[in-house]
Amino acid sequence: MYFQKDIETISKNALHLLQSERLKKTLEAAATTPYYGKLFQEKKIDISKIKTVEHLKDLPFTTKNDLRLSYPDGMVAVPRSEIVRIHASSGTTGKSTVIFYTMKDIDNWATLVARAMYSTGARREDVFQNMMGYGLFTGGLGLHYGAEKLGCMVIPSSTGNSLKQLQLMQDFQTTLIHITPSYALHLVEVIKENGINPHDLSVKKAYFGAEPYSESTRKKLEEQWGLDAYNCYGLSEMNGPGVAMECINKAGMHIAEDYYIAEIINPETGEPLPDGEEGELVLTHINREAMPIIRYRTRDLTRIIPEPCSCGRTHRRIERIKGRTDDMLIVGGVNVFPSQIESVLMTIPEVGNNYRIVLDREEGLDRMHIQVELYSKLFQGDMKALKKLNKEIVEKLRALITINPRIEFMEPGSLPPSEGKAKRVIDNREI
Ligand code: DLL
């Protein structure tokens, strides 16, 4: 049984007290790190004055860029010998955002995942096939440890290799899967193509996360697979999956409020917004040893659902993520910023000034296609030179963003000129 009744049904006052206590400890730990130590000094922040959750708004935000600037370990609060694992945000290389964990952090994370899985009805009898990437990405190992803690039999099958995934599902009678919604759309087609009715499989539940998707995609996937799907949210900076997860009611995701303080802010002004109003989610991790992160701007748009949930858990819920306040794209589960693509294109002398990133979904799989204007001299060049150039661009992009885009060369002036803010991304994927 993984129901932590005392914590999960905690009263508002007791939670406030717990969060305030943990916030104080977190700030003390943060002050010992090079990044926050310097920041608090420069901004003349006296952390002894931050006594309760309400004072949090007096502290500055932390952004992904701050994490990059403090690479590799400017935000680490424990000696290196205490660190047992790192993860990193997907899709970026070099100065990406790296997250550190102590043994206790890993154990706490597993507990919060086990508890969230239990709230969806998962039990130790379940066979859990984890089709999220294992590695630096948090999706695989994050739920893996939680599922083991709950006592499930875990199949760490990771992503891809669809026929093998199907075979594992059949041979081991998988009951529960963890998968990105886009891969689930593809895999269900592969299953049907192999003459199998997905409803005849033993899979009864799924956790979908790591990328945005709509309620209608959930319904469609539930019907096609014949299962109940639960939304699972998280981000590497805050451990990974499990920050917020739907319970059996499938009506918004309970934030693990003993681990995180959630705020919703106006993304333009940074001002906190009341429960119920839509804005950007800001999270403070208040139960982590290795890497305290304060007021992290997730860039994810959502709102807090003020009404209590009939499951009895008192931790507040957030609605499905509506979008982002920045231009980060999630392509096949990999986070990509258009600026990363631009940085590659602009190092290639033959490439002109205009380009466009087009995203489509074919047979459930995300495809990226980049239209690139070339300088006129080269456009008349021979096919061999163009092919070589195409290969060079694809290889450079793959090295940086781990995605294999298709490149289409265009005549100079053929892409619509930008009027004001350039529209560089055409997203045709229906989510
Ligand atoms: O995607 C962690 C994760 C793994 C969550 C598996 C759920 C399941 P990152 O690679 O750091 O971490 O990407 C985090 O992905 O800020 C959101 O924009 C997006 N995202 C994650 N879960 C959801 C979701 C993992 N359920 C970024 N709905 C976040 C919408 C999501 N977007």
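Residues numbered from 1 in each chain as written. Predicted model: local features only at pLDDT ≥ 70, side-chain atom pairs only at ≥ 80, totals over all residues. Heavy atoms only, no water.

Caption draft 1: Structural context of the sheet that holds strand S10 (residues 260–265). Pairing is antiparallel in the open sheet, where four strands are placed in the order S10-S11-S12-S15. Looking at which strands have only one partner, the edges of the open sheet turn out to be S10 and strand S15 (323–324). Relative to strand S12 (residues 296–302), strand S11 (residues 279–285) runs antiparallel, the two being bridged by four bridges. Bridged to Leu283 within S12 is Tyr296. (Pairing = 2+ DSSP bridges. Helix = DSSP H or I, 4+ residues; strand = E, 2+ residues; numbered from the N terminus.)

Caption draft 2: Seen up close, the domain arrangement of the chain. Along its sequence, the chain is organised into domain 1 (1–325) and domain 2 (329–430). When each unit is reduced to the centre of its C-alpha atoms, the spacing between domain 1 and domain 2 is 32 Å. Contact with domain 1, which involves 13 residues of that partner, is made by 16 residues of domain 2. Buried surface at the junction of domain 1 and domain 2, summed over both partners, amounts to about 1,200 Å²; 54% is from carbon and sulfur atoms. The interface formed by domain 1 and domain 2 includes zero salt bridges. The interface formed by domain 1 and domain 2 contains two residue pairs in polar contact (both at pLDDT 80 or more). Where the side of domain 1 that touches domain 2 is concerned, the elements lending two or more residues are helix H4 (64–69) and helix H8 (181–193). With three residues, H8 is the largest single contributor of residues to the side of domain 1 that touches domain 2. (Domains from an automatic or database assignment. Contact = heavy atoms within 4.5 Å. Buried area = accessible area lost by both parts, 1.4 Å probe. Salt bridge = Lys/Arg side-chain N within 4 Å of Asp/Glu carboxyl O. Polar contact = N/O pair within 3.5 Å; in protein donor to acceptor, adjacent residues only side chain to side chain.)

Caption draft 3: Here's a closer look at empty space enclosed by the protein. A full pass over the atoms with the stated rule returns three cavities of 30 Å³ or more. Here the largest cavity is characterised by a volume of approximately 150 Å³. The wall of the largest cavity is formed by 14 residues, among which Glu8, Arg115, Ala116, His254 and Ala256 lie closest to the centre. Going through the elements one at a time, helix H5 (103–119), strand S8 (240–246) and strand S9 (253–255) are the ones with two or more residues in the lining of the largest cavity. Taken as a whole, the second largest cavity spans an internal volume of roughly 40 Å³. (1 Å grid on protein atoms, 1.4 Å probe; cavity = no way out; pocket = protein on both sides within 12 Å on 5 of 7 lines; lining within 4 Å. Points joined across faces, edges and corners; volume = space filled by probe spheres on them.)

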